[in-house]
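Geometric and topological summary
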Amino acid sequence: AVAVRGARRAMVVPTGSARYRGHVVDPALASLSPPVGAPLGTVRTARLELRPLRSDDLEPLAAVFADEAVWHYPYGRGLTRTETARFLTAQRTHWDLLGFGLWLVTRRATDRSIGVVGLSVPTFLPEILPAVEVGWRLEPSAWGQGYATEAGAAALREAFTTLGLEEVCSLPQA
């Protein structure tokens, strides 16, 4: 399905979990991303703060990512601390190379981290490249409260305004 907003598009591209290849960031990644207008920084919404990932985010992310429900698709299990550390390193490299990536999502009222949301290059689906995807991984206690919608909408706003992208895709995994 493709949703059109003026000249800018947000589209959903269905994929099977077998297509997912993990969290490896190739230095050639920049050639797979559309050009962007400016790098992203921290974003605040009514209830959330979204900020670029840092190396000291390993503890809160490891706690969220260990939950099987968070990574049921594509892995059917939670991530180990080592896998989370690799994910974090790859995502920080993504930011360094492209000026955007996943943010740590924190509830402003409690200053508690609940997962990640943001923009990435879907290298596991080369037939749609160059492209940028919006996605999120939130702890189950945050589900059903509108946090993914709120954070995802903020990510799309940044994609279309700050980055100046013409389209963003979403790749649901089931």
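Rules used in this analysis
- Residues numbered from 1 in each chain as written.
- Predicted model: local features only at pLDDT ≥ 70, side-chain atom pairs only at ≥ 80, totals over all residues.
- Heavy atoms only, no water.
- Core = buried A, V, L, I, M, F, W, Y, C linked by side-chain atoms within 4.5 Å.
- Buried < 20%, exposed > 50% of the residue type's maximum accessible area, 1.4 Å probe, protein only.
- Helix = DSSP H or I, 4+ residues; strand = E, 2+ residues; numbered from the N terminus.
- Phe/Tyr/Trp six-rings, centres within 6.5 Å; stacked < 30°, edge-to-face > 60°.
- Salt bridge = Lys/Arg side-chain N within 4 Å of Asp/Glu carboxyl O.
- Pairing = 2+ DSSP bridges.

1. Some details on the nonpolar core
- Counting residues in hydrophobic clusters, the biggest one holds 33 residues, and the most contacted among them are Leu 50, Phe 100, Trp 103, Leu 119 and Val 168.
- Secondary-structure elements contributing two or more residues to this core are strand E4 (48-52), helix H3 (81-98), strand E5 (102-107), strand E6 (112-120), strand E7 (133-138), helix H4 (147-160) and strand E8 (167-170).
- The greatest single-element share of this core, amounting to seven residues, is contributed by H4.
- Counting 13 residues, the second largest nonpolar core, distinct from the first, contains Leu 58, Val 70, Trp 71 and Leu 102.

2. Thoughts on the packing of aromatic side chains
- For the structure shown, the criterion picks out five aromatic pairs.
- On the basis of an interplanar angle of 40° and a centroid distance of 5.7 Å, the ring pair of Trp 71 and Tyr 75 is categorised as tilted.
- Overall, the relative accessible area of 31% leaves Tyr 75 in the partly exposed class.
- Plain terms: the ring middles of Trp 95 and Trp 103 are 6.1 Å apart, the flat faces sit at 65° to each other, and that makes the pair edge-to-face.
- Trp 95 gets classed as buried once you look at its relative accessible area, which sits at 11%.
- Ring-pair connections join several aromatic residues into one group, and the members of that group are Phe 65, Trp 71, Tyr 75 and Phe 87.

3. Thoughts on the pattern of salt bridges
- Throughout the structure, instances matching the rule amount to seven salt bridges.
- Asp 57 is paired through a salt bridge with Arg 51; the nearest N and O atoms lie 2.6 Å apart. Here the two residues Asp 57 and Arg 51 agree in accessibility, since each one is buried.
- Residue Glu 59 pairs with Arg 81 through a salt bridge whose shortest N-O separation is 2.6 Å.

4. What about unusual backbone geometry?
- Between Tyr 73 and the following residue, Pro 74, the backbone shows a cis peptide bond with an omega angle of 15°.
- Looking at the secondary structure, you find Pro 74 in helix H2 (residues 72-75).
- Between Leu 129 and the following residue, Pro 130, the backbone shows a cis peptide bond with an omega angle of 0°.
- Summarising the element assignment, Pro 130 is placed in the loop between E6 and E7.
- For Asp 111, which is not glycine, the phi dihedral falls at a positive 55°.
- Tracing the sequence through the fold places Asp 111 in the loop between E5 and E6.
- Given the relative accessible area of 64%, Asp 111 is considered exposed.

5. So, the pairing of E5
- Counting buried positions over the six residues of E5 gives six, a clear majority of the element.
- Burial along E5 is two-sided: Leu 102, Leu 104 and Thr 106 facing one way and Trp 103, Val 105 and Arg 107 facing the other are all buried.
- Across five bridges, E4 lies against E5 in antiparallel orientation. Following the sheet pairing, Leu 50 is matched in E5 by Val 105.
- Where E5 and E6 come together, six bridges link them in antiparallel fashion. Considered in E6, the bridge of Trp 103 is made with Val 117.
- The antiparallel pairing of E5 with E6 creates a hairpin that spans four residues between the two strands, and Asp 111 there sits at a positive phi of about 55°.

6. Observations regarding the pairing of E4
- In terms of strand pairing, strand E3 (residues 43-44) meets E4 through two bridges, oriented antiparallel. For Val 43, the partnering residue across the bridge sits in E4 and is Leu 50.
- In this structure, the hairpin formed by E3 and E4 is closed by a connection of three residues.

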